[in-house]
Amino acid sequence: MTSIPYPTFRSQAPGESVLQAVGKCRIHPQDLYQSEFRAIVQKNIDQANVDVEIEDKETRDSNKKLRKKYMKEGVAMAKKLLIDTLGLDVSIVDVECFVSPEDIIETDGCLAACLLDAGCHAIVTDGTSKQACDIAKLPRERLVSHFAVSNTSSEIKEAIQEAALFSNVISIEFSSATVEALQDTLRQQTNEFDITVQVCPESVAGSDEELASAVGTILGVCKDGHGALTLLNPSPSQVGLCYAACLRTDRSDGLFTTVVCNRSGEALGLVYSSKESIVAALECGRGVYYSRSRKGLWRKGDTSGHYQILHRLDIDCDSDALRFTVTQRGVPAAFCHLNTLTCWGEPRGLRHLEQTLTDRLQSAPEGSYTKRLFDDPELLRDKLVEEAQELSEADSRAHVAEELADVLYFAMTKAVKAGVSIDDAVAELDRRSRKVTR
C-alpha cells in the first residue's frame, strides 16, 4: 500500500468537487454546518440521558425502547448530514469526523457511536482529553487522537505516549513546519500506531507544483501504507498534484496505467492518466483520463453520453498503477466503444443476470415467467419466501448452491423491478460494515 495525501474540510465543504475520491477525507461538521450538527449532538444527549438502569422493569423496558428510538433518529440525522448535506459516499470513502471532547463527554460516547453507525470510518478528537478518549469506548482503529503542536520534538513524543493507549493513529497538526520536520515526525510511528500529519498547504510551499514535490518527499519515508498527510482546506489542483506525486512511472510519456472498475471491483477497461487528468477528475467528479491518440484530456462520455460517476481513486502496491472506481452511465451503461459494459465482452454470473433482467423488464415477451414475476408482486413475494425456505433446509453443498441460485434469481428480479443494482447492494453492505452498534 502507498501512503497518500487526503483533504481536511474545516472551513470549506467538499462542494461540487470530489477531493474525497482520493479515498479518505477529514471533516469538521461543527465548523461546516453548525446548526445541523448541533441538532445531532442534542439528539445524542437525549439518548444518553435516558435511564436504562432503573429498578422498575416496566419503566426500564420503556426507557430502553426510548433510548433505541433516539439512537435511530440520531443515526438518520447523521446520515443526512454526511450523505445529503456534505455529499460524501461513506460506503466507499473513509471519512474521519472531528468531534470535540466536550461533545463526546456530554453524550456519554453516544455521539461517537452515532457518527460511526452513520458511516464514518473514524472519530477524531483532541488527544489531550483522556476522559473523552475513554468515554468514547471505541476500538483503537476507530479513534484518532489529534494534537495541535508547535514544531518541537518533545511535544510530539509526549503526545504519542499519552494517546497510544486509545488510538492506533496519532494525528499531529502543524501551523508551520519544514519538510524535514514532517519527515522526522512520520518516522516516529511504530508497529503499534501510525502517524498522520496535518498541514496547511501554504505553510509547506508557495506553488501547487512545489507543494506536490514536497508532499511526495515527505510521504516517501512511509512504508507499506503506514503514515499519512492531510491537507487543510486544499484546492483540487493541490490534492490532485500531491496525489500524483505519490505515483511513479517508467513510461517515457509520464502517463500512469489506469484500470477502471465498477463498485463490485469488476474491470471495465484499461486507460491512461496524467497529472492533469487526475486533477480534472477530482474537480468534476467524473471519469477523466488522458487520450494518447488525441494527446489531451478525455472526459469519458462527453461525445458518447456514456459518462462515469467517480467514486474513488486507488494506487496499487507498487505505486505505478491507478484504479478508478466508477459507476458507468449511459443507455446502455457501456464503457466499451462496442457498446458493452466492459472491454472484455459480455459479463457473466450475477452481472449477466442483472443485465438480462434489465433487458427483460423493458422487452420481455408476453407469457414469459420473468414477465409474470415483474407484473405480479404477490407471485414474486411468494417465490422469494419459498426459495428462501428451501435454501434454509438445503443440506448438501450442491443443494445449497442450487437453492442459492434460485434465491439470487428471484432477489435480482425484485431488485431490478425496484431499480436497485448490484452496486447499490454492495454500497449498502459497505456502509453497514462501518457500524459499531450491533
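Residues numbered from 1 in each chain as written. Predicted model: local features only at pLDDT ≥ 70, side-chain atom pairs only at ≥ 80, totals over all residues. Heavy atoms only, no water.

### Observations regarding the overall build of the protein chain
Going by this rule: Helix and strand labels come from DSSP, where a helix needs a run of H or I of at least four residues and a strand needs a run of E of at least two; each type is numbered from the N terminus. Whether a residue is buried, partly exposed or exposed follows from its accessible area with a 1.4 Å probe, protein chains only, as a fraction of its type maximum: under 20%, in between, or over 50%, in that order. Contacts: residue pairs with any heavy atoms within 4.5 Å of one another. For every accessible area listed, the method is Shrake-Rupley and the probe measures 1.4 Å; residues are considered covered only by the protein chains on display.
The helix and strand tally for the protein chain stands at 17 helices and 14 strands. By its C-alpha atoms, the protein chain is 75 × 75 × 45 Å across when sized along the principal axes. By the burial criterion, 48% of the 438 residues in the protein chain qualify as buried. In the protein chain, the share of contacts with a sequence separation of at least 24, taken over all contacts with a separation of at least 6, comes to 64%. Counting only carbon and sulfur atoms, one obtains 49% of the accessible surface of the protein chain, whose full area is about 21200 Å².

### Section: the pairing of strand β4 (residues 122-126)
So the rule is basically this: A pair of strands is labelled paired if DSSP reports no fewer than 2 bridges between them.
Most of β4 sits out of view: four of its five residues are buried. Bridge count for strand β3 (residues 94-98) against β4 is three bridges, and the pairing is parallel. Its bridge partner being in β4, Glu96 is matched across the sheet by Ala122. Bridging between β4 and strand β5 (residues 143-149) involves four bridges; their strand directions are parallel. Pairing of Val124 across the sheet is with Val144, part of β5.

### Some points on the nonpolar core
Using the following cut-off: Among buried residues, those of type Ala, Val, Leu, Ile, Met, Phe, Trp, Tyr and Cys that are joined through side-chain atoms within 4.5 Å constitute a nonpolar core.
Of all hydrophobic cores here, the largest spans 94 residues; its most connected members are Ile27, Leu115, Ile123 and Ile278. Ranked by residue count, the leading element in this core is helix α10 (residues 208-219), at six residues. Ignoring sequence-local partners within four residues, the contact set of Ile123 consists of Cys97, Val99, Ile104, Ala112, Leu115, Leu116, Leu138, Arg142, Leu143 and Val144.

### Let's talk about a nonpolar patch on the surface
Under the convention used in this document: Within the patch definition used here, like charges are joined within 9 Å and nonpolar side chains (Val, Leu, Ile, Met, Phe, Trp, Tyr) within 5 Å, considering only residues with over 30% relative accessible area and no salt bridge. Whenever a carboxyl oxygen of Asp or Glu lies within 4 Å of a side-chain nitrogen of Lys or Arg, that contact is scored as a salt bridge.
Where nonpolar side chains cluster on the molecular surface, the patch consists of Leu350, Leu404 and Leu408 and spans about 220 Å² of accessible area. By secondary structure assignment, the location of Leu350 is in helix α13 (residues 349-363). The exposure class of Leu350 is partly exposed, given its relative accessible area of 38%.

### Details of the pattern of salt bridges
It is possible for side chains bearing opposite charge to pair when their charged atoms get close. Overall, the coordinates contain 25 salt bridges when judged by the stated rule. We note a salt bridge from Asp302 to Arg286, for which the minimum N-O separation is 2.9 Å. You can see Asp302 sitting in the loop between β12 (296-299) and β13 (308-315) and its partner Arg286 sitting in the loop between α12 (275-284) and β11 (288-291), a full 16 residues away along the chain. Under the relative-accessibility criterion, Arg286 is labelled buried at 18%. Asp423 is the partner of Arg351 in a salt bridge, and the nearest nitrogen-oxygen pair spans 3.0 Å. Of the two residues, Arg351 is situated in helix α13 and Asp423 in helix α17 (residues 422-432); the sequence distance between them amounts to 72 residues. As far as the burial class goes, Arg351 and Asp423 line up, both buried.

### Brief notes about α17
Formally: Arc definition: it is the arc formed by the directions from the helix axis to the C-beta atoms.
Among the residues of α17, those classed as buried are Ile422, Asp423 and Ala427. One face of α17 carries all of its buried residues, which in axial projection span an arc of 140 degrees. Against the buried residues of α17 lie α13 and α16 (397-418).

### Concerning the packing of helix α2 (residues 34-48) against helix α5 (residues 110-117)
We apply this condition: Interaxial angles span 0 to 180 degrees and are taken between N-to-C directions of axes, which are lines fitted to C-alpha atoms, for helices over the stretch in contact. Here is the rule for angles: anything less than 35 degrees is roughly parallel, anything more than 145 is roughly antiparallel, 65 through 115 is roughly perpendicular, and the remaining ranges are oblique. With the far helix as reference, a near helix turned anticlockwise by less than a right angle produces a left-handed crossing, and one turned clockwise produces a right-handed crossing.
With their axes 9 Å apart at the nearest point, α2 and α5 run at an angle of 120 degrees to one another. Put simply, α2 runs oblique to α5. In this structure, α2 crosses over α5, and the sense of that crossing is right-handed. Between α2, through Phe37, Ile40, Val41, Asn44, Gln47 and Ala48, and α5, the contact on the second element is made entirely by Cys110, Leu111, Cys114 and Leu115.

### Structural notes on the packing of helix α8 (residues 179-186) against α10
Filter applied, for reference: Residues are grouped as follows: Ala, Val, Leu, Ile, Met, Phe, Trp, Tyr, Cys and Pro are nonpolar; Asp, Glu, Lys and Arg are charged; every other residue, Gly included, is polar.
Closest axis-to-axis distance for the α8/α10 pair is 9 Å, and the angle between their directions is 30 degrees. Considering their axes alone, α8 and α10 lie roughly parallel with respect to each other. α10 is crossed by α8, and the crossing has right-handed handedness. Residues Val179, Leu182, Gln183 and Leu186 of α8 lie in contact with α10, whose contacting residues are Ala214, Thr217, Ile218 and Leu219. Here the residues of the contact of α8 with α10 sort into six nonpolar, two polar and no charged.

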